[in-house]
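Okay, here's what each chain looks like letter by letter:
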2 protein chains.
Amino acid sequence: MENAGTSGLVSGAIGAISRHIREKELMPGDKLPSEAILSKELNVSRTVVREAFRSLAAMRIIELATGKRATVAQIDHGAMSLMIEHGVHTDQINIQQIYDVRRTIETRIVTLASIRRSDTEAAEILDLAAQMRRSMDDPAALMEHDLAFHTALARASRNPVYSLLIGAFQGITRQTWPIGWKSRSTQASRDLMLVTHVEIARAVAASDPQKAVAAMSLHFDESVRALLTAGLS
Amino acid sequence: MENAGTSGLVSGAIGAISRHIREKELMPGDKLPSEAILSKELNVSRTVVREAFRSLAAMRIIELATGKRATVAQIDHGAMSLMIEHGVHTDQINIQQIYDVRRTIETRIVTLASIRRSDTEAAEILDLAAQMRRSMDDPAALMEHDLAFHTALARASRNPVYSLLIGAFQGITRQTWPIGWKSRSTQASRDLMLVTHVEIARAVAASDPQKAVAAMSLHFDESVRALLTAGLS
DNA sequence: GAGGTCTAACCTGTCAGACAGGTTTAGGGG
DNA sequence: CCCCTAAACCTGTCTGACAGGTTAGACCTC
């Protein structure tokens with residue numbers, strides 16, 4: 001009775017275009033045929049091709065731009081971020097569950113980062129931790145540095161899937177971060193958070209996976225507690 | 001110089017519709033306004049609303065069906081699966097990287113599953129492992145049971161984000177699984193794989209997280225080795 | 001009054017054609 | 001050989017139309 005994914009001209013076009021990308025082994029940046037050509041080849045109206053393009057663009061599989069032809073896109077976490085946000089807003093996922101996943105993958109990330117980070121990356125991570133400390137009185141800036149810190153760690157893991165995943169959680173984290181920050185009411189608890197980040201950075205820079213994991217673990221214990229204190233289910 | 005995500009009438013419509021869902025606190029299954037109404041409210045043509053709907057449907061944020069109005073959708077791994085496949089086909093992600101992520105999260109999954117699984121779930125997981133054994137001579141069926149096994153474990157973890165992630169890797173796994181199976185050329189290596197699954201199932205059923213993690217770890221060691229043997233970068 | 005049926009109103013899927021810009025390309029002039 | 005321009009190409013958006021699926025209410029029967 002259900003067929004949503006495969007029936008309909010648009011779904012057919014999506015499939016045909018995806019196949020085209022695979023078969024021609026197109027790489028990010030490569031151009032796709034124009035809407036007019038595709039609509040002729042697939043025997044459908046331009047409307048159908050356009051809706052197929054939009055669908056693929058929504059998943060960041062292709063990239064659209066006015067005047068230019070569509071191109072194959074680089075993977076990007078934007079779409080995943082929206083999906084996760086949607087899941088949270090519709091009560092299908094809660095914040096604690098996201099934190100469990102983040103803890104799991106970020107623990108692995110710091111292990112890999114400790115082993116694989118370049119010196120430049122180590123410096124960047126250290127610097128981001130320092131910037132966090134400096135922007136202690138500006139929550140918005142602090143949050144951005146915090147997010148950038150975790151993103152940099154993911155990148156240093158040299159596994160793009162981890163970067164993708166960390167990026168996917170960023171959207172919803174932006175919305176919950178202030179809650180956690182506010183619930184750290186004492187100066188001591190705020191300091192602790194900043195110090196923990198510095199500790200993580202130092203351990204990664206020192207190529208000490210065990211210490212890095214321990215610090216990251218502490219960070220999550222503390223974060224989860226902060227969110228629970230704030231009453232976040 | 002870049003603005004792809006926020007400019008254009010369609011992006012505006014996507015934003016407006018997303019906001020509508022959040023502000024009205026719509027839950028999965030709830031209906032959205034019709035295309036005609038939305039196009040009037042947003043002062044854009046029906047074309048624009050339709051393309052916005054398609055985009056949201058591609059991310060499985062909403063669900064479309066002919067004749068009926070669009071509804072808010074349940075989270076679904078379909079879109080993520082396509083994104084991952086795209087990443088692999090365009091050489092932005094390789095299989096080993098995916099296996100590293102899977103190992104990381106599946107290790108956590110069996111820990112949670114061991115603690116939280118219901119008796120029904122335990123029985124199901126045990127049964128799936130048994131079915132794998134029985135379909136040893138039918139690779140297609142074996143693969144499906146294998147995938148179902150890991151999906152069932154994720155579900156038993158009681159964290160929908162893990163289910164989502166496991167689902168997201170399923171598409172690409174379907175394409176690489178046969179490679180791994182073929183590279184297990186000896187009867188002994190094939191038996192090992194089946195036995196390992198049974199071990200995981202038994203450990204979860206026995207609520208023994210440590211044993212479950214050990215077995216899962218072994219499973220991934222073995223899988224990664226099989227793929228490396230097959231020459232998969 | 002309850003239940004069932006049928007029709008009219010509503011809604012989505014697809015098509016065709018049109019036009020305003022943005023982009024690329026080929027040619028022509030210096 | 002380089003630069004500049006105009007034509008060709010391409011996408012974004014709008015309008016109007018029609019087929020076919022869905023729904024709700026009117027109506028009819030028991």
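Before any of the text, the structure's been laid out above.
Turning our attention to the pattern of salt bridges. Enumeration according to the criterion identifies 28 salt bridges over all chains in this entry. Between A:D100 and B:R108 there is a salt bridge whose closest N-O contact spans 2.4 Å. Here the residue A:D100 occupies a position in helix α5 (residues 95–116), and B:R108 occupies one in helix α5 (residues 95–116), the pair thus bridging two chains. Given a relative accessible area of 15%, A:D100 falls into the buried group. The partner of A:R174 in a salt bridge is A:E144, with the nearest N and O atoms 2.8 Å apart. Here A:R174, found in helix α8 (residues 160–183), pairs with A:E144, found in helix α7 (residues 139–156); they are 30 residues apart in sequence, far enough to count as distant. Judged by its relative accessible area of 35%, A:R174 is partly exposed. For A:E144, a relative accessible area of 33% corresponds to the partly exposed category. If you follow the salt bridges from partner to partner, you end up with A:E35, A:R46, A:R50, A:R54 and B:E51 in one network.

Our focus in this paragraph is the protein's contact with DNA strand D. Taken together, 21 residues form the shell around DNA strand D, and within it A:R50, A:T66, A:K68, B:L9 and B:S45 come nearest. For DNA strand D, the backbone portion of the atoms within 4 Å of the protein, that is sugar and phosphate, comes to 73%. A distance of 3.3 Å separates a sugar or linking oxygen of DNA strand D from a polar atom in the backbone of A:G67. Between a base nitrogen of DNA strand D and a side-chain N or O atom of B:R46, the distance comes to 3.3 Å. For the surface near DNA strand D, the secondary structure elements donating two or more residues are α3 (46–58) of chain A together with α1 (9–23) and α3 (46–58) of chain B. Its residues assigned to classes, the surface near DNA strand D comprises 5 nonpolar, 8 polar and 8 charged.

All right, on to the interface of chain B and chain A then. The interface is formed by 47 residues belonging to chain B together with 47 residues belonging to chain A. Taking both partners together, chain B and chain A bury about 4400 Å²; carbon and sulfur atoms supply 66% of that area. Here chain B is connected to chain A by 8 salt bridges. On inspection of chain B and its partner chain A, the count reaches 19 residue pairs in polar contact (both at pLDDT 80 or more).

What counts and what doesn't
- Residues numbered from 1 in each chain as written.
- Chains lettered and ligands numbered in written order.
- Predicted model: local features only at pLDDT ≥ 70, side-chain atom pairs only at ≥ 80, totals over all residues.
- Heavy atoms only, no water.
- Salt bridge = Lys/Arg side-chain N within 4 Å of Asp/Glu carboxyl O.
- Helix = DSSP H or I, 4+ residues; strand = E, 2+ residues; numbered from the N terminus.
- Buried < 20%, exposed > 50% of the residue type's maximum accessible area, 1.4 Å probe, protein only.
- Near = heavy atom within 4 Å.
- Polar contact = N/O pair within 3.5 Å; in protein donor to acceptor, adjacent residues only side chain to side chain.
- Nonpolar A, V, L, I, M, F, W, Y, C, P; charged D, E, K, R; others polar.
- Contact = heavy atoms within 4.5 Å.
- Buried area = accessible area lost by both parts, 1.4 Å probe.

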